[in-house]
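The chain contents come next:
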Amino acid sequence: MNKFQRIFFDMDGTLHPIRQESFLDSPVHNQMVERSIVYVMQKLGIGKRKATELFEGIMERYPRFYSLGLQKEQGIDRWDYLVHSWNINPEGIIQRVDGLDRMLNDLTKRNDLYVVSDAPRVWMGNVMSHLGIRDFFSGLYSGTNLNLKKKQGLFPHILSDIGAEPSQCYMVGDEEQNDIIPARAIGINTVYLGKSDSAVADYSIRDVLSLRRIIVDD
Ligand SMILES: [Mg+2]
């Protein structure tokens, strides 16, 4: 049995399930869009219809990078925008996985755990507090706040930050493009969480609790 491995967990869709096919259809994304429209109304002093049109255009032109679009096209400070639009209350819109806290607690006995997400820090903090699992993690990495997308350097940044070799590390996530492929590319062991097996991950699991089988028995 290996000791002292580092396990990186994606957050949305991994530490709490997203039932919808895509994050874009999830209640979290919907709430973020609603908050964004209110933010744009207040910042630019425009009405709801105009703000909605404007924001829909941004979503189309800057998929997954709305803050950059608002900064570029409207001169809006992206950090101010992110803190407001993502300060969503998780109550009622995310679900707890029964037994997750027990599994994380067990894993911390032989491993260091980290959260690695593209989500802004404010949302990571809200979710971790809501789920009551913050204390199991040695660190939280937000790609957005570090200005690093996973594909462009987030994993190398973390490895050097914690002083770990990729072979001692595992990345667990529900998105092949964002979680699995960039981690695998630098030699991190990968665990895909999804409805079917991944052709690119080292391991595939159907629910996050099945991680016990892989990490403990590996
Ligand atoms: Mg995810």
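Residues numbered from 1 in each chain as written. Predicted model: local features only at pLDDT ≥ 70, side-chain atom pairs only at ≥ 80, totals over all residues.

A. Seen up close, the pairing of strand β1 (residues 5-9). Extensive coverage of β1 is indicated by the burial of four of its five residues. Looking at chain direction, β1 and strand β2 (residues 111-117) are connected through five bridges and run parallel. Each residue of the ladder has a partner; that of Phe9, found in β2, is Val115. As judged from the four bridges shared by β1 and strand β4 (residues 169-173), these two strands associate in the parallel manner. Bridge pairing in β4 places Phe9 opposite Val172. (Buried ≥ 20, exposed ≤ 12 C-beta atoms within 10 Å, placed from the backbone. Helix = DSSP H or I, 4+ residues; strand = E, 2+ residues; numbered from the N terminus. Pairing = 2+ DSSP bridges.)

B. Quick look at the packing of helix α1 (residues 27-44) against helix α4 (residues 78-85). Here α1 crosses α4 at 130°, and the two axes come no closer than 9 Å. In terms of axis orientation, α1 runs oblique to α4. Note that α1 runs across α4; the crossing there is right-handed. Of the residues in α4, those in contact with Met32, Arg35, Ser36 and Tyr39 of α1 are Tyr81, His84 and Ser85. Taken together, the residues of the contact of α1 with α4 break down into three nonpolar, three polar and one charged. (Axes fitted to C-alpha atoms, helices over the stretch in contact; angles between N-to-C directions. Parallel < 35°, antiparallel > 145°, perpendicular 65-115°, else oblique. Left-handed = near helix turned anticlockwise from the far one by under 90°. Contact = placed C-beta atoms within 7 Å. Nonpolar A, V, L, I, M, F, W, Y, C, P; charged D, E, K, R; others polar.)

C. Quick peek at the sheet that holds β4. Strands sit in the order β3-β2-β1-β4-β5-β6 across an open sheet of six strands; the sheet is parallel. Of all strands in the sheet, those with a lone pairing partner are β3 (139-142) and β6 (203-205), marking the two edges. Ignoring which end each strand starts from, the neighbouring axes of this sheet average 20° apart. Relative to strand β5 (residues 189-193), β4 is paired through four bridges, and the arrangement is parallel. From the neighbouring strand, Tyr170 faces β5, where its bridge partner is Asn189. Against the sheet, helix α6 (residues 121-131) contacts β2 and β3, and its axis sits at roughly 140° relative to β3.

D. Fine view of the domain arrangement of the chain. Taken domain by domain, the chain consists of domain 1 (6-17 + 95-217) and domain 2 (23-85). One C-alpha centre belongs to domain 1, the other to domain 2, and the line joining them spans 27 Å. For the side of domain 1 that touches domain 2, the residue count by class is two nonpolar, two polar and one charged. (Domains from an automatic or database assignment.)

E. Just the environment of Ile188, in detail. Counting through the fold element by element, Ile188 comes out in the loop between α8 (176-185) and β5. Classification of Ile188 as buried rests on a count of 23 C-beta atoms within 10 Å. Taking the C-alpha atoms as reference, Ile188 lies 18 Å from Asp118; in sequence the two are 70 residues apart. Those residues in contact with Ile188 that sit more than four places away from it in its chain are Phe155, Pro166, Cys169, Tyr170, Met171 and Ala183.

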